[in-house]
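Here are the chains, one letter per residue:
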Amino acid sequence: MKLLPLPSDGRTPVRVLTIAGTDSGGGAGIQADTRTMALLGVHACVAVAAVTVQNSVGVSGFHEIPPQTVADQVRVVAADIGIGAAKTGMLASTAIIEAVAAACGETGIGQHGAIPLVVDPVAASMHGDPLLHDSALDALRQTLIPLATVVTPNLDEVRLLTGIDVTDDRTGRKAAEALHALGPRWAIVKGGHLRSSDFSTDLLFDGERFHELSAPRIDTGDDHGGGDTLAAATACALAHGYEVPDAIAFAKEWTTRCLKAAYPLGAGHGPVSPLWRLSEKW
Ligand code: PLP
């Protein structure tokens, strides 16, 4: 695959901010984001929104960071370090979502500012453990998703946000339209969890055109952190000036490669892994 360019002076790389939750098992969340960013040659900045108590078999609890502290991490990074794109993941509560949306608005992060924003509306882990209070769905719909350059829900999150159960191309298109109506510049409906074909096909919609992106399905039980990896790689490509469809195509290829390199861990689901980049020529 063609990877992102490294800095031409060999010094300061492009910076990307992740605003998300930690995973003590090291598979998903901020750990997945920063691993992908580092291996794409991007400097990762981090605003921690929640700390999860998690291993390969599930999430047994989480601790929320005070909303003001989450928002202030965004503000100080944007003011000093300068970022080319941002990404949100697990935000846990209405108060954190609202504080993050306000900080993004103030600092030019989001589709109305100069800094592209990927909103991954994380609601639950692959084991079904909650990562977002049910009451916070409205805040996602009303304050954060409208700021998104692109919103990247999985099919469970699509159902929670739009009420539409995606089972095929027709319901996928309906869901992409319903997501786009919430106000992001682009909406994606990711087909990775639709088990009905040998391909994982994502639908992108910008209010006018549908784009379809397909990749061979990689069947592995070790796919923890796959959604985070796709959203993080998308943010890295946007920070390098890619248009959204090209950024998603790049991120999909990266995630497919990382799914092939996933490894078992503990008694549950292992993580997708970008570590292949350390040992393979590209
Ligand atoms: N834990 C954290 C902190 C996350 O952000 C996420 C997903 O975004 C998960 C767990 C769940 O990842 P998965 O759906 O791959 O289990």
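Residues numbered from 1 in each chain as written. Predicted model: local features only at pLDDT ≥ 70, side-chain atom pairs only at ≥ 80, totals over all residues. Heavy atoms only, no water.

The protein carries the name Hydroxymethylpyrimidine/phosphomethylpyrimidine kinase in an unreviewed UniProt entry, which gives Nocardia transvalensis as its organism. The UniProt entry for the protein carries this comment under Function (unreviewed entry): "Catalyzes the phosphorylation of hydroxymethylpyrimidine phosphate (HMP-P) to HMP-PP, and of HMP to HMP-P." (UniProt positions renumbered as here; feature names shortened; annotations may be inferred.)

(A) Up close: the nonpolar core. Grouped together as the largest cluster of nonpolar side chains are 53 residues, with contacts concentrated most on L17, I19, I109 and L144. When residues of this core are assigned to their parent elements, the largest contribution, 7 residues, is made by helix α3 (residues 94–107). When sequence neighbours within four positions are dropped, the list of residues in contact with L144 reads T88, L91, I97, V100, A101, V119 and A139. L4, V118, L204 and I248 belong to the second-largest nonpolar core, a separate cluster that totals 33 residues. (Core = buried A, V, L, I, M, F, W, Y, C linked by side-chain atoms within 4.5 Å. Buried < 20%, exposed > 50% of the residue type's maximum accessible area, 1.4 Å probe, protein only. Helix = DSSP H or I, 4+ residues; strand = E, 2+ residues; numbered from the N terminus. Contact = heavy atoms within 4.5 Å.)

(B) Fine view of the environment of D206. Examined against the element boundaries, D206 turns out to sit in the loop between β8 (199–205) and β9 (210–216). Judged by relative accessible area, D206 falls into the buried class, the value being 17%. When the C-alpha positions of D206 and V244 are compared, they lie 9.6 Å apart, and in sequence the two are 38 residues distant. Ignoring sequence-local partners within four residues, the contact set of D206 consists of H180, R185 and W186. One polar contact links the side chain of D206 to the main-chain amide nitrogen of E208, over a distance of 2.9 Å. (Polar contact = N/O pair within 3.5 Å; in protein donor to acceptor, adjacent residues only side chain to side chain.)

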